[in-house]
Amino acid sequence: NACLMYLGRKFNLNPKTDEELSKMEQCLAEVMDLRNNAVRHYYSPPDVFNSGIKEFVEQTIPKSYSKLDDWLAQQKTTFLVNNNPTVPDFHLFELIDQLETYSEVHNENVSLLKPYSNLQNFYQTFQKIPELATYLQSDLHKLPINNPHASFTGK
């Protein structure tokens, strides 16, 4: 998170008020919790990975997605902190994008976002940011998500 906050300062992607900075820090922590759970799952040995898919899809993801979906509803904003993208939005988008790839293989191609309308809107809106749309169409976006030692590489 320290690196993300530094990049936010460098590229003017951090909010300006103390209240919004607090929201940013909360959201970074929540997204990092989800990332840590995903990495733990992805890099577990194949037998543990395979036996943990159901729990990951039915418990781990819904726990985090529910919190984030409710947060967006409570804030009444397009993005996590305000109506402009800030650092935690980039982190969350990347993770959702990876989890959508995961769901293609390990959730019968059913989006893990399906029950979460606010997160769906967030994901779709974020994809339309022109600079990001260019990246999403590039070969860089097609690279593996994790290294070959992971049980889930994404490609």
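A brief structural summary. Everything numeric here is computed off the predicted structure, so don't read it as measured data.

**Here's the deal with the overall build of the protein chain**
Helix and strand counts for the protein chain come out as 6 helices and 0 strands. Each helix and strand of the protein chain, placed in order from N terminus to C terminus, yields the pattern α-α-α-α-α-α. Since a compact globule built from 155 residues should have a radius of gyration of about 15 Å, the 16 Å found for the protein chain is in line with a globular shape. Looking at the protein chain residue by residue over its 155 residues, the buried ones come to 41%.

**A short note on helix α2 (residues 18-42)**
Taking 1.5 Å as the rise per residue, α2 with 25 residues should run 36 Å; its terminal C-alpha atoms sit 36 Å apart, in good agreement. Those residues of α2 lying buried are K23, M24, C27, L28, E30, V31, L34, R35, A38, H41 and Y42. Packing partners of the buried residues in α2 comprise α1 (2-10), α3 (46-75) and α4 (87-106).

**Looking at the nonpolar core**
Judged by nonpolar contacts, the single largest core of 32 residues is most densely connected at Y65, L99, Y102 and L119. Of all the secondary structure elements, the ones that give two or more residues to this core are α2, α3, α4, α5 (117-127) and α6 (130-136). Broken down by element, this core gets its largest block of residues, 9 residues, from α3. If we skip the residues at most four places from it in the chain, L99 touches L34, Y42, F56, I61, Y65 and L112.

**Comments concerning the pattern of salt bridges**
Side chains that differ in charge, positive against negative, can pair when their charged atoms come close. One pass over the structure, following the stated rule, counts 5 salt bridges. Residue E30 pairs with K67 through a salt bridge whose shortest N-O separation is 3.7 Å. Remark: K67 occurs in helix α3 and E30 occurs in helix α2; sequence separation between them is 37 residues. Measuring nitrogen to oxygen at the nearest pair gives 2.7 Å for the salt bridge that ties E94 to R35. Of this pair, E94 sits in helix α4 while R35 sits in helix α2, and the two are 59 residues apart along the sequence. Its relative accessible area of 16% is what places R35 among the buried residues.

**Considering the packing of α2 against α4**
Contact geometry for α2 and α4: axes closest at 9 Å, N-to-C directions at 25°. In terms of orientation, α2 lies roughly parallel with respect to α4. As for the relative orientation of α2 and α4, their crossing is left-handed in sense. Only V87, P88, H91, L92, E94, L95, Q98, L99 and Y102 of α4 make contact with α2, whose side of the interface consists of M24, C27, L28, V31, M32, L34, R35, A38, H41 and Y42. The class makeup of the residues in the contact of α2 with α4 is 14 nonpolar, 3 polar and 2 charged.

**A short note on the packing of aromatic side chains**
A full pass over the atoms with the stated rule returns 13 aromatic pairs. Measuring from ring centre to ring centre gives 4.9 Å for Y42 and F152, while their planes differ by 50°; the resulting arrangement is tilted. In this pair, Y42 sits in helix α2 while F152 sits in the segment after α6, placing the two residues 110 residues apart along the sequence. With a relative accessible area of 4%, F152 lands in the buried category. Cluster of aromatic residues (ring-pair linked, three or more members): F79, F90, F93, F122, Y123 and F126.

Reading guide: rules and limits
- Residues numbered from 1 in each chain as written.
- Predicted model: local features only at pLDDT ≥ 70, side-chain atom pairs only at ≥ 80, totals over all residues.
- Heavy atoms only, no water.
- Helix = DSSP H or I, 4+ residues; strand = E, 2+ residues; numbered from the N terminus.
- Rg over C-alpha atoms; globule rule 2.2 N^0.38 Å.
- Buried < 20%, exposed > 50% of the residue type's maximum accessible area, 1.4 Å probe, protein only.
- Expected span 1.5 Å × (residues − 1).
- Contact = heavy atoms within 4.5 Å.
- Core = buried A, V, L, I, M, F, W, Y, C linked by side-chain atoms within 4.5 Å.
- Salt bridge = Lys/Arg side-chain N within 4 Å of Asp/Glu carboxyl O.
- Axes fitted to C-alpha atoms, helices over the stretch in contact; angles between N-to-C directions.
- Parallel < 35°, antiparallel > 145°, perpendicular 65-115°, else oblique.
- Left-handed = near helix turned anticlockwise from the far one by under 90°.
- Nonpolar A, V, L, I, M, F, W, Y, C, P; charged D, E, K, R; others polar.
- Phe/Tyr/Trp six-rings, centres within 6.5 Å; stacked < 30°, edge-to-face > 60°.

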